[in-house]
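# Topology and contacts: notes
Here is how the chains run, residue by residue.
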Amino acid sequence: MTAFRLAAPLLLCFGAAAHAAPVTIEVRGADGRPLAGAVVSVESARGGAAAVRGPYAIEQRDIAFDPHVLIVPVGATVSFPNRDRVRHHVYSFSKPKKFDLKLYGREERRTVTFDTPGLVALGCNIHDAMSGFVFVAATPFAAQADAAGRARFEGVPAGAATIRIWHPTIRSGGNSLAQSVTVLAAGFATTVSIKR
């Protein structure tokens, strides 16, 4: 069973004048090492929706999805260009977005609009080893952790929020965990330890 533990959260408050705060979250795996590439999101009722800017793309290159994980806001259209010399058949059976892009060849592209938040797992009907993910975020505060396992966000509204962590190695439903926190006006910093 995987548990989610916030280690020594640092809550700072120097006055109520500021209504938005910096948030830093460090994610560590069960072995204590940084969990680079984990998707970290901070959801706040006052945070608003993420802006759709784009362009967003996941290429098929060297019989792999590149990038392996793409974070997009709700409503984003993602292009799937084929850069390989072979044809691909990209699909997903995930609840937030089911789709089926029939066989297409080199330098052709297909697009999909992701209109529901959640994780969308990708596959190729021709190449079983190909896997990838589109993380569709309903919050503007979503990013992948860097090599040190850190994700930093500016302008998070002070108040109640939920931290969500997703990574394919997390042994929990949907490979994700969630924890309620309070972001104070001067900021929030914590280390999230994934425990088995």
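Residues numbered from 1 in each chain as written. Predicted model: local features only at pLDDT ≥ 70, side-chain atom pairs only at ≥ 80, totals over all residues. Heavy atoms only, no water.

By the criterion of burial, strand 8 (residues 76-81) is predominantly enclosed, with five of the six residues buried. Across two bridges, the pairing between strand 4 (residues 56-57) and strand 8 is parallel. Bridge assignment links Ala57 to a residue of strand 8, and that residue is Ser79. Of the pairings in the sheet, the one linking strand 8 to strand 11 (residues 109-114) comprises six bridges and is antiparallel in character. The residue bridging Phe80 from the neighbouring strand is Arg110, located in strand 11. (Buried < 20%, exposed > 50% of the residue type's maximum accessible area, 1.4 Å probe, protein only. Helix = DSSP H or I, 4+ residues; strand = E, 2+ residues; numbered from the N terminus. Pairing = 2+ DSSP bridges.)

Turning our eyes to something else, we now look at the nonpolar core. Formed by 23 residues in total, the largest nonpolar core has its most connected members in Ile25, Val27, Val42, Phe153, Ile165 and Val183. If you list the elements that add at least two residues to this core, you get strand 2 (20-28), strand 3 (39-44), strand 15 (150-157), strand 16 (159-166), strand 17 (176-183) and strand 18 (188-195). It is strand 2 that contributes the most residues to this core, four residues altogether. With 20 residues, the next largest nonpolar core counts Phe80, Leu101, Leu122 and Cys124 among its residues. (Core = buried A, V, L, I, M, F, W, Y, C linked by side-chain atoms within 4.5 Å.)

The next point concerns the pairing of strand 12 (residues 118-124). Where strand 9 (residues 88-94) meets strand 12, two bridges bridge the pair, whose relative direction is antiparallel. Of the residues in strand 12, the one forming a bridge with Tyr91 is Gly123. Pairing between strand 12 and strand 13 (residues 131-137): six bridges, direction antiparallel. Counterpart to Leu122 in the pairing with strand 13 is Gly132.

Once that is clear, we can look at the packing of aromatic side chains. Across all of its chains, the model carries five aromatic pairs by this definition. For the pair Phe80 and Phe99, a centre-to-centre distance of 5.9 Å together with 40 degrees between the ring planes defines the contact as tilted. You can see Phe80 sitting in strand 8 and its partner Phe99 sitting in strand 10 (residues 97-104), a full 19 residues away along the chain. Classification of Phe80 by relative accessible area gives buried; the value is 0%. Between the aromatic rings of Phe141 and Phe153, the centroid separation amounts to 6.4 Å while the plane-to-plane angle is 80 degrees, which identifies the pairing as edge-to-face. Of this pair, Phe141 sits in the loop between strand 13 and strand 14 (142-144) while Phe153 sits in strand 15; the two residues are 12 residues apart in sequence, bridging distant segments of the chain. (Phe/Tyr/Trp six-rings, centres within 6.5 Å; stacked < 30°, edge-to-face > 60°.)

Moving on, we come to the sheet that holds strand 17. With antiparallel pairing, four strands are arranged side by side in an open sheet as 14-3-16-17. Either end of the sheet is taken by a strand with one partner, and the two such strands are strand 14 and strand 17. In this sheet, adjacent strand axes meet at a mean angle of 20 degrees when their direction is disregarded. For strand 3 and strand 16, the ladder comprises six bridges, and the chain directions are antiparallel. (Axes fitted to C-alpha atoms, helices over the stretch in contact; angles between N-to-C directions.)

Before going further, it helps to examine the environment of Lys98. Examined against the element boundaries, Lys98 turns out to sit in strand 10. Other than its neighbours up to four places away in sequence, Lys98 contacts Ser92 and Phe93. (Contact = heavy atoms within 4.5 Å.)

Let us now look at unusual backbone geometry. Note that the residue after Gly54, namely Pro55, is joined by a cis bond; omega there is 0 degrees. Relative to the assigned elements, Pro55 resides in the loop between strand 3 and strand 4. Residue Pro67 is bonded to the preceding Asp66 through a cis peptide linkage, with omega at 5 degrees. Here Pro67 is to be found in the loop between strand 6 (65-66) and strand 7 (69-73). The phi angle at Asp62 is positive, at roughly 55 degrees, despite the residue not being glycine. If you trace the backbone, Asp62 turns up in the loop between strand 5 (59-60) and strand 6. Of note, the phi angle at Glu107 is positive, near 65 degrees, even though the residue is not glycine. Counting through the fold element by element, Glu107 comes out in the loop between strand 10 and strand 11.

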